[in-house]
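This is what each chain is made of:
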Amino acid sequence: MKLPWSLLLNKSELLRGLPAVDELLRHTELTELRRSHGHDLFVEWIREAINQVRRELQNGRDVGTDQLFAAIIELVRARVNSEAQQVIRPVINATGTILHTNLGRAPLPALAIERMRSASAYTNLELDLDSGERGRRGARVMKLLARLSGTEEAMVVNNCAAATVLVLQALAFGKEVIISRGQLVEIGGGFRLPDVFNSAGVILRDIGTTNRTYCRDYENAIHEATGAIIRVHRSNFAQIGFVTEPSIAELAALWRPQSVPVIDDLGSGNLYDLSEFGLQEPRVATSIEAGADMVLFSGDKLFGGPQCGIIVGKKIWLEKLRSNPLMRALRADKVTLAALEATTEIHLSGNAFRQLPVLQMLSRAAEDVRSNCTSVVEQLSSAARRRVTVVDCQSQLGGGTLPGQVLPSFAIAIGGPHLQPLARALRLGTPAIQGRIKDDRLLLDLRTVPDAELKVLAERIDALLRDDPGGAS
Ligand SMILES: *Cc1c(COP(=O)(O)O)cnc(C)c1O
């Protein structure tokens, strides 16, 4: 009988038997992988694998010298697979949260994707093709945005947080900016307004109380050191009960020096009356009509476009922003501007609810979601079907909108054991699928899953549930 090597060799002999990096590099099984990942990175992974096996040997792992090679190669392969999983790649969003920041917020409309592709080559980004002269960066996008929001001018920066910093710094550096205490919010991702004020070099002048701020509080606070008045939409939480704050119209009507603009940081960039869907989100046009000098919002929330920060408002203010050095640091890239142009055209064409994924998903009838759930279940094998039901649930708007703003929806619910490993297996496959676990069930809310993804979703669920022995019981 053949004895395991480990019994014949002592530990130090085994350690000496570890192959060298060069030996492994010559191994034909690894040649192909090395080519696609580059020599240096690959050598690093091989070293890590050797070190790991060495540690395991030192900790008494029972492995023969003839198996050392294979053990290391397996670790290198696992490393290569893990890299492939971490690549930025598509995820099927079965969370039901339409604007999921972790999943990259708004999925883009087909027209935007097409324009991004063509803009990734050389483009007329800053060239007027008619005259052959240098043109204003993204001139047409800015014109369309101004038209869409009913303002004189528009500007685009990297995101809404950048828009806030730029506006404060360019218009009120070293001066006081008045804000109601009830609006000193943290948006998420560490975006806390007092810190933003600080980094923009403006002095925070918070007025009123947490729940009540009156026009007279603003009037009393305005003096020669005032640089601006800002209202920040309380995107992610609500105040109810004994609450008062002036409207934008009231703020715009306050007596103030001409040098003090009223800025409305809206965040979500909603253009429509969403009350028929049971949602209350302020509209950009409402603030403009009420007299705000500037309105700031994100491109990738309810606007349904790429990540960017959009500033719309009066020309006198936007000219000041444009000449600020920070603008150069915060400007959006050509691919973003191309996608934004397409999204804006869709809004202007009146087809937003047909063509923008965010608005399609938001306006989808719960019954349609239910019938998609049923059709996915029908595609499952009978073994897999035993573990799933279709249940009603609530989809969230997300993206820093109110947690209370929900839409009735339906989900495929997977019951039984091993839900965490199952959820992980769904995430790690291709395409990745993200659901959520609630009340001992894994829910896949199909409001946020396009019809084109239903088939592959069914295939992946089926493959996993058939393989899961826990499910058979
Ligand atoms: C979301 C939000 C922001 C931040 O927007 P980003 O585009 O993510 O930078 C700023 N202000 C408000 C009111 C928001 O809701």
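Note that this is a predicted model, so its numbers are computed, not measured.

Engineer: Describe the overall build of the protein chain, with residues and values.
Structural biologist: Looking only at helices and strands, one finds 22 helices and 13 strands in the protein chain. Taking the principal axes of its C-alpha atoms as reference, the protein chain extends roughly 100 × 55 × 50 Å. The buried share among the 473 residues of the protein chain stands at 48%. For the protein chain, contacts bridging at least 24 residues in sequence account for 74% of all contacts bridging at least 6. For the protein chain, the accessible area works out to roughly 23,400 Å², and carbon and sulfur atoms hold 50% of it. Distance between charge centroids for the protein chain: 2 Å, based on 55 positive and 54 negative side chains.

Engineer: Residues and numbers for the sheet that holds strand S10 (residues 406-414), please.
Structural biologist: Reading across the sheet, the four strands line up as S9-S10-S13-S12 and stay open at both edges, with antiparallel pairing between neighbours. Edge strands, defined here as strands with exactly one partner in the open sheet, are strand S9 (388-396) and strand S12 (436-438). Taken over all neighbouring pairs, the strand axes of this sheet differ in orientation by 45° on average, direction set aside. Both S9 and S10 contribute to a ladder of nine bridges, which runs antiparallel. When the sheet's bridge partners are listed, Asp392 is paired in S10 with Phe410. Strands S10, S12 and strand S13 (441-445) of the sheet are contacted by helix H21 (residues 419-428), whose axis makes an angle of about 30° with S13.

Engineer: Go over the pattern of salt bridges, please, and point to the residues and values.
Structural biologist: Throughout the structure, instances matching the rule amount to 25 salt bridges. Between Asp293 and Arg256 there is a salt bridge whose closest N-O contact spans 3.0 Å. Note that Asp293 is positioned in the loop between helix H13 (284-289) and strand S7 (294-298) and Arg256 in the loop between helix H12 (248-253) and strand S6 (262-267), a separation of 37 residues in sequence. In this structure, Asp293 and Arg256 share a single accessibility class: buried. The network of salt bridges with shared partners includes Arg115, Arg140, Glu341 and Glu345.

Engineer: Lay out helix H14 (residues 315-322) in plain terms, naming residues and giving numbers.
Structural biologist: The set of residues buried in H14 consists of Trp317, Leu318 and Leu321. Looking straight down H14, one finds that the buried residues subtend no more than 95° of arc, so they occupy a single side.

Engineer: So what's going on with the pairing of strand S4 (residues 203-207)? Residues and values would help.
Structural biologist: Pairing geometry for strand S3 (residues 176-180) and S4, over five bridges, is parallel. For Glu176, the partnering residue across the bridge sits in S4 and is Ile203. For the segment spanning S3, helix H10 (residues 193-199) and S4, crossover handedness is right-handed.

Engineer: Lay out the packing of aromatic side chains in plain terms, naming residues and giving numbers.
Structural biologist: What describes a pair of aromatic rings is the distance from one ring centre to the other and the angle between the planes of the rings. The final tally for this structure, using the stated rule, is four aromatic pairs. An aromatic cluster of three or more residues is present, and its members are Tyr272, Phe277 and Phe353. Cation over ring: Arg212 sits above Phe242, and NZ or CZ is 3.6 Å from the ring centre. In this structure, Arg216 packs its charged tip against the face of Tyr214, placed 4.5 Å from the ring centre.

Engineer: Report on the side chain of Gln405, specifying residues and quantitative values.
Structural biologist: Tracing the backbone through its elements, the reader meets Gln405 in the loop between S9 and S10. Here Gln280 takes part through its backbone oxygen, which lies 2.8 Å from a polar atom of the side chain of Gln405.

Engineer: Summarise unusual backbone geometry; cite the residues concerned and give the values.
Structural biologist: Of note, the amide linkage connecting Thr430 to Pro431 takes the cis form, showing an omega dihedral of -5°. Relative to the helices and strands, Pro431 resides in the loop between H21 and strand S11 (432-434). Positive phi, close to 55°, is recorded for Arg105, a residue that is not glycine. Looking at the secondary structure, you find Arg105 in the loop between strand S1 (91-93) and helix H7 (110-119). Of note in the backbone geometry, Asp439 takes a positive phi value of approximately 50° without being a glycine.

Engineer: Provide a residue-level description of the environment of Ala84, including the pertinent values.
Structural biologist: With respect to the helices and strands, the residue Ala84 is situated in helix H6 (residues 65-86). With 226 residues separating them in the primary sequence, Ala84 and Ile310 have C-alpha atoms 34 Å apart.

Engineer: Go over the sheet that holds strand S2 (residues 153-157), please, and point to the residues and values.
Structural biologist: With respect to topology, seven strands assemble into an open sheet ordered S2-S8-S7-S6-S5-S3-S4, the strand pairing being mixed. Lying at the two open borders of the sheet, with one neighbouring strand each, are S2 and S4. The mean angle between the axes of side-by-side strands here comes to 25°, regardless of whether they run parallel or antiparallel. Together, S2, S3, strand S5 (226-232), S6, S7 and strand S8 (309-313) form the strand contacts of helix H9 (residues 160-172), whose direction differs from that of S7 by roughly 155°. Docked against the sheet, H14 engages S2, S7 and S8, running at close to 30° with respect to S2.

Engineer: Just give me the short version of the pairing of S7, but keep the residues and values in it.
Structural biologist: Of all five residues in S7, five are buried, a share of seventy percent or more. As defined by bridge partners, S6 adjoins S7 across four bridges and the pair is classed as parallel. Among the inter-strand pairings, Gly267 is bridged to a residue of S7, identified as Phe297. Traced from S6 through H13 to S7, the parallel crossover comes out right-handed. Taken together, the five bridges between S7 and S8 define a ladder with antiparallel strand orientation. Bridging across to S8, Val295 finds its partner in Val312.

Rules and cut-offs
- Residues numbered from 1 in each chain as written.
- Predicted model: local features only at pLDDT ≥ 70, side-chain atom pairs only at ≥ 80, totals over all residues.
- Heavy atoms only, no water.
- Helix = DSSP H or I, 4+ residues; strand = E, 2+ residues; numbered from the N terminus.
- Buried < 20%, exposed > 50% of the residue type's maximum accessible area, 1.4 Å probe, protein only.
- Contact = heavy atoms within 4.5 Å.
- Areas by Shrake-Rupley, 256 points an atom, 1.4 Å probe, with all protein chains shown as cover.
- Lys, Arg positive; Asp, Glu negative; His and termini not counted.
- Charge placed at Lys NZ, Arg CZ, Asp CG, Glu CD.
- Pairing = 2+ DSSP bridges.
- Axes fitted to C-alpha atoms, helices over the stretch in contact; angles between N-to-C directions.
- Salt bridge = Lys/Arg side-chain N within 4 Å of Asp/Glu carboxyl O.
- Arc of directions from axis to C-beta.
- Right-handed = clockwise from strand over helix to strand, strands pointing away.
- Phe/Tyr/Trp six-rings, centres within 6.5 Å; stacked < 30°, edge-to-face > 60°.
- Lys NZ or Arg CZ within 6 Å of the ring centre and 35° of its normal.
- Polar contact = N/O pair within 3.5 Å; in protein donor to acceptor, adjacent residues only side chain to side chain.

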